[in-house]
Structures are given as C-alpha cells and as structure tokens.
Amino acid sequence: MHRKDQICHDDYQQTASWLLSQTQHRPKVAIICGSGLGMLADALKCQDSFPYSDIPGFPQSTVQGHAGRQVFGELKEKMCVCMQGRFHMHEGHSLCMVSLLGVETLIVTNAEGSLADSYQVGDIMIIKDHINFPGLAGLNPLNGPNDDKFGPRFPPMSGVYDKDLRKIAFDLCKSMDVSQVVQEGVYCMVGGPNFETIAEARLLHRLGVDAVGMSTAPEVVVATQCGNKVVKSYDDIEPVNHEAVLEVSKLRSHMLQTLVTELVSWMDINNNAV
Ligand SMILES: O=P(O)(O)O[C@H]1O[C@H](CO)[C@@H](O)[C@H]1O
Ligand code: HPA
C-alpha cells in the first residue's frame, strides 16, 4: 500500500494541480465506481476524462472491470469526479489525492459478497459502518509519519457514513420504488486478493458482518481523515469469482446510477465555493 511516508503531500498536490489545470471542473463530490460499475460515470455531462496512464504521478488500476480513468463532469448541475477504477489495497495504492481536488463528499460503490441471511443476490446495501480488518491488524493507509496538511494523526471513525445522506438515499429508494432490494448493514474489508474460506466467511458472519469485500474501508478512512463526508452503497452479491461479481453488479448498475444521480442532486453543494 502507498503510505504517507512513500508519497508526500507535495506529490499528491502536484498531481491534483495538473488535473485542475486540464479541466474547468472543480468537483465537490467524488464517486468511486466499484467492480463492473464504471458506467456510473456515463451520467456525467460535459465530461473531461483522463486515463490514469496520462495523469502524472498517478498509479494504474489493474483489476478487470475497472477502466482506469478519472472522469470530471456535471451531475444534476453539481460538479463531480468519477474514479472509473479504484485502487484496491492488494494493488498497493491509496486515495489521498482526491481531497486535494477540493472534493468534500465521497460516494463509494462496490460489488461485494453478502453474509447476512436475509440478503438476496443483487440487493443494494447502504453501509452504516465498517470493519477494517487489515487496518485493525496494522495495515492502515494512515500508517507512517502524519502530515497534518492531510488531517489529524488520530482521526475518529465513529459515524463516518453520513447519517443525513444515508437517510436521503433511503428516501430516494422509496420514491424509486426499489426499497425491497435495499438493505442497510455493516461492511467488512478483508485484504484479498483471494476470496474467503468457508470458515473465514462463517467467522465474519458471527461477528455481525453483513457484506464482505476487498476495498472501501481504506478509502473511507483516508477521506475521513481529510475531512470528507462519506456515503456508501453497494451491490450485495453471493458468488465467489470475479466474473460472477461483474455479472451481478451489471444487474443493479442502472438502479445505482439513478440513485447516485438523485443523491447528488439532493446534496447541498456550492459549485463556486473554493
Ligand atoms: O470492491 P470492488 O472494487 O467492487 O471489487 C470487488 O470485486 C473484487 C472481487 O471480485 C474485489 O476487489 C472486491 O473488493
Ligand atoms: O465474497 C467476497 N469476498 C471478498 N470480496 C468480494 N467481492 C465480491 N465478493 C466478495
């Protein structure tokens, strides 16, 4: 994992400044597209898009189903940036730079495995909290010397999934008449890249985990340290191979696109604020 002692604030700042010099957009919302959910970026209007390979100092996304592009644009008149391709911990990168673009709210999506007995394949779960297993064991994106320019050394993680935004997301699901496939639960991040054994999945289930994946928690930890609000929804899926993960995420991608678009339109964002 890229830690703060490997890439410094100035490096991230250079990358952010380069991007801001290439686009007029000044995003206040960042949307991370989970596996197979890259089309969330298609809804952006007036797009400026940058393959990760063209962005100086930016890592490459290697997982199938992640295009590897940053797409700037407008969603319901709100300026946004979509990460079409995330960096999983097993790829070795973290996501400090987005905050330096001026982003204040992070919407994270993913396609993960369900453990809760009541969930069906393809349900959408809105995260209320997470367990960052690698983080608890010392593999934390905030490891290393802290640069206060990013945020505090010991950032609190209680209530990081913004309650008001979660409520808006639920109300939107009601008005979209899709509440029957929407759940709320606890997400657990495991290190991957292998899927869990049956014994590991049982252990997580007993710990109260509703869905398990290999992403999201480090992004949310970093974004929270940098002062962002976070809202999170994800496809909740059963199968345990990546092709099946992508297949099921397709099931709900349009519903998620509508949900994310409507959620952004409800956000109190001043595009002109610096
Ligand atoms: O979390 P996203 O990016 O949706 O990806 C999920 O899909 C992959 C496994 O199929 C894992 O990387 C898991 O975290
Ligand atoms: O079962 C899973 N475990 C971890 N990550 C995943 N991503 C999709 N399904 C899973």
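Rules used throughout
- Residues numbered from 1 in each chain as written.
- Chains lettered and ligands numbered in written order.
- Predicted model: local features only at pLDDT ≥ 70, side-chain atom pairs only at ≥ 80, totals over all residues.
- Heavy atoms only, no water.
- UniProt positions renumbered as here; feature names shortened; annotations may be inferred.
- Near = heavy atom within 4 Å.
- Polar contact = N/O pair within 3.5 Å; in protein donor to acceptor, adjacent residues only side chain to side chain.
- Helix = DSSP H or I, 4+ residues; strand = E, 2+ residues; numbered from the N terminus.
- Nonpolar A, V, L, I, M, F, W, Y, C, P; charged D, E, K, R; others polar.
- Salt bridge = Lys/Arg side-chain N within 4 Å of Asp/Glu carboxyl O.
- Buried < 20%, exposed > 50% of the residue type's maximum accessible area, 1.4 Å probe, protein only.
- Areas by Shrake-Rupley, 256 points an atom, 1.4 Å probe, with all protein chains shown as cover.
- Phe/Tyr/Trp six-rings, centres within 6.5 Å; stacked < 30°, edge-to-face > 60°.
- Contact = heavy atoms within 4.5 Å.
- Axes fitted to C-alpha atoms, helices over the stretch in contact; angles between N-to-C directions.
- Parallel < 35°, antiparallel > 145°, perpendicular 65-115°, else oblique.
- Left-handed = near helix turned anticlockwise from the far one by under 90°.

Within an unreviewed UniProt entry, the label attached to the chain reads Purine nucleoside phosphorylase, and the organism entered is Hucho hucho. The Function (unreviewed entry) comment attached to the chain in UniProt states, word for word, "The purine nucleoside phosphorylases catalyze the phosphorolytic breakdown of the N-glycosidic bond in the beta-(deoxy)ribonucleoside molecules, with the formation of the corresponding free purine bases and pentose-1-phosphate." Taken verbatim from the UniProt record of the chain, the Pathway (unreviewed entry) comment is "Purine metabolism; purine nucleoside salvage."

**Concerning the site of ligand 2**
Near ligand 2 lie eleven residues; those nearest to it are Ala111, Glu112, Gly113, Glu196 and Gly213. Glu112 is positioned with one of its side-chain polar atoms (N or O) 3.1 Å from a nitrogen atom of ligand 2. At 3.3 Å from a nitrogen atom of ligand 2 is found a main-chain nitrogen or oxygen belonging to Gly113. Taken together, the elements giving at least two residues each to the shell around ligand 2 come down to β5 (105-114) and β8 (211-213). A per-class count over the shell around ligand 2 returns seven nonpolar, two polar and two charged.

**Some points on the pattern of salt bridges**
A full pass over the atoms with the stated rule returns five salt bridges. Across the pair Glu219 and Arg86 runs a salt bridge, and its minimum N-O distance is 2.7 Å. Separated by 133 residues along the polypeptide, Glu219 in helix α6 (residues 217-225) and Arg86 in the loop between β4 (78-84) and α2 (97-100) bring together distant segments of the chain. Accessibility assignment for this pair places Glu219 and Arg86 in one class, buried.

**Some details on the site of ligand 1**
Close to ligand 1 lie 15 residues; Ser35, His88, Glu112, Ser215 and His242 are nearest. In the environment of ligand 1, an oxygen atom lies 2.8 Å from a nitrogen or oxygen atom belonging to the side chain of Glu112. Within the contact set of ligand 1, an oxygen atom lies 2.9 Å away from a backbone nitrogen or oxygen of Met214. Isolated, ligand 1 exposes 350 Å² of accessible area, and the fraction of that covered by the protein chains is 96%. Looking at the shell around ligand 1 element by element, the count peaks at three residues for β5. Of the residues assigned to the shell around ligand 1, the class counts are four nonpolar, nine polar and two charged.

**Quick look at unusual backbone geometry**
Note that the residue after Gly192, namely Pro193, is joined by a cis bond; omega there is 0 degrees. The topology assignment puts Pro193 in the loop between β7 (182-189) and α5 (198-206). At Cys46, a residue that is not glycine, the phi angle is positive and equals roughly 50 degrees. With respect to the helices and strands, the residue Cys46 is situated in strand β2 (residues 45-51). The exposed category is assigned to Cys46, whose relative accessible area is 56%.

**Regarding the packing of aromatic side chains**
Tallying each qualifying case throughout the model produces six aromatic pairs. Seen in terms of ring centroids, Trp18 and Phe50 are 5.8 Å apart; in terms of plane orientation they differ by 70 degrees. Their pairing is edge-to-face. With Trp18 in helix α1 (residues 9-22) and Phe50 in strand β2, this residue pair connects regions lying 32 residues apart in the sequence. For Phe50, a relative accessible area of 9% puts it in the buried group. Here the aromatic residues Trp18, Phe50 and Phe72 are joined through ring pairs into a cluster of three or more.

**Examining the environment of Pro51**
Mapped onto the secondary structure, Pro51 falls in strand β2. Along the primary structure Pro51 and Arg69 are separated by 18 residues, whereas in three dimensions their C-alpha atoms are 4.2 Å apart. Ignoring sequence-local partners within four residues, the contact set of Pro51 consists of Gly68 and Arg69.

**Some details on the environment of Ala30**
Note that Ala30 resides in strand β1 (residues 29-32). Linking Ala30 and Leu106, residues 76 residues apart in sequence, is a C-alpha distance of 4.8 Å. Setting aside residues up to four positions removed in sequence, Ala30 forms contacts with Val81, Val98, Val103, Thr105, Leu106 and Ile107.

**Things to note about the packing of helix α4 (residues 163-175) against helix α7 (residues 242-266)**
Between α4 and α7, the shortest axis-to-axis distance is 10 Å and the interhelical angle comes to 125 degrees. As summarised for this structure, α4 and α7 are arranged oblique, according to the angle between their axes. In the crossing of α4 with α7, the sense of the turn from one axis to the other is right-handed. Contacts from Leu165, Ile168, Ala169, Leu172 and Cys173 in α4 reach Leu259, Glu262, Leu263 and Trp266 in α7. Its residues assigned to classes, the contact of α4 with α7 shows eight nonpolar, no polar and one charged.

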